[in-house]
Amino acid sequence: MNTPHTPHTPSPGSAGKGLTVTSPGNYPPIEVERPHLPYARMLMGDLASSRSEMTAINQYLYQDWVVSAQDAEFARVLRRIAQVEMRHLDILGRLIVLLGGDPRCQALPGNRRSAWSGSFVEYAGAIPAMLQSDIRSEQFARNTYLSQANQVQDAKLSAVLRKLAADEDVHVNVFRHFLDQYQQEGPQGR
Ligand SMILES: [Fe+2]
């Protein structure tokens, strides 16, 4: 399980501690051109819906806890990606305030029944199933952020959303890298 190995793909980086879990370049300033409540409402879904940063953070922490004895390297990467998702959550909360919203942990403003729930997490038992679920989540997040970046008439907000999408794209590749290894070599190869 802790056997050193060579990654099958050079991107996004080498295996282990050096694996890259963020996109290149700095984050743009966390700013918007002007308050706009419809955009704040849109970002609430990214913050706390069933397919949100809150769900990603909890899903990756759960996976880290349950796989750490089985695959320490995957567990470490999950923890580092969870930390990136927490940064995303933090950025979304700040943007919602700048847009005039109230970043409570719920998908719809003013609707307590839309509060985030631990039932949103996909509690997969086996690592390949976890990875497939994680890849789907990251693809959804990347596509959502890109679609929102194209949709908003706010260049500053759009720049931040593109950066979040770029990070999620890196995560897709990181999880694909691990899934490739499991599919080609099985757990013994890791
Ligand atoms: Fe991600």
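Residues numbered from 1 in each chain as written. Predicted model: local features only at pLDDT ≥ 70, side-chain atom pairs only at ≥ 80, totals over all residues.

K.L.:
Could you clarify how one ought to interpret helix H3 (residues 72–98) in this entry?
P.N.:
Owing to its 3.6 residues per turn, the α-helix aligns residues three or four sequence positions apart on the same side. The terminal C-alpha atoms of H3 lie 39 Å apart, and with 27 residues this matches the ideal 39 Å at 1.5 Å per residue to within 8%. At the exit of H3 stands Gly100, carrying a positive phi of roughly 100 degrees. (Helix = DSSP H or I, 4+ residues; strand = E, 2+ residues; numbered from the N terminus. Expected span 1.5 Å × (residues − 1).)

K.L.:
Sorry, what's going on with the nonpolar core here?
P.N.:
In a soluble, globular protein the nonpolar side chains are often hidden away together inside. Counting residues in each nonpolar core, the largest one holds 22 residues, and the members touching the most others are Leu43, Met44, Leu47, Leu92, Leu95, Ile96 and Leu157. Looking at this core, the elements that each hand over two or more residues are helix H1 (37–48), H3, helix H4 (127–151) and helix H5 (155–185). Tallying contributions element by element places H1 first for this core, with six residues. Setting aside residues no more than four positions away along its own chain, Leu92 makes contact with Leu43, Asp46, Leu47 and Glu53. The next biggest cluster of nonpolar side chains, apart from the first, holds 14 residues, and it includes Ala56, Ala82, Met130 and Leu131. (Core = buried A, V, L, I, M, F, W, Y, C linked by C-beta atoms within 7 Å. Buried ≥ 20, exposed ≤ 12 C-beta atoms within 10 Å, placed from the backbone. Contact = placed C-beta atoms within 7 Å.)

K.L.:
In this structure, what is going on with the environment of Gln106? I would like to understand it.
P.N.:
Looking at the secondary structure, you find Gln106 in the loop between H3 and H4. Of the residues examined, Gln106 has 21 C-beta atoms within 10 Å and is grouped as buried. Distance from Gln106 to Ala48, taken between C-alpha atoms, is 5.1 Å for residues 58 residues apart in sequence. Gln106 has contacts with Met44, Ala48, Asn111, Arg112, Ser114, Ala115 and Trp116, leaving out every residue within four places of it along the chain.

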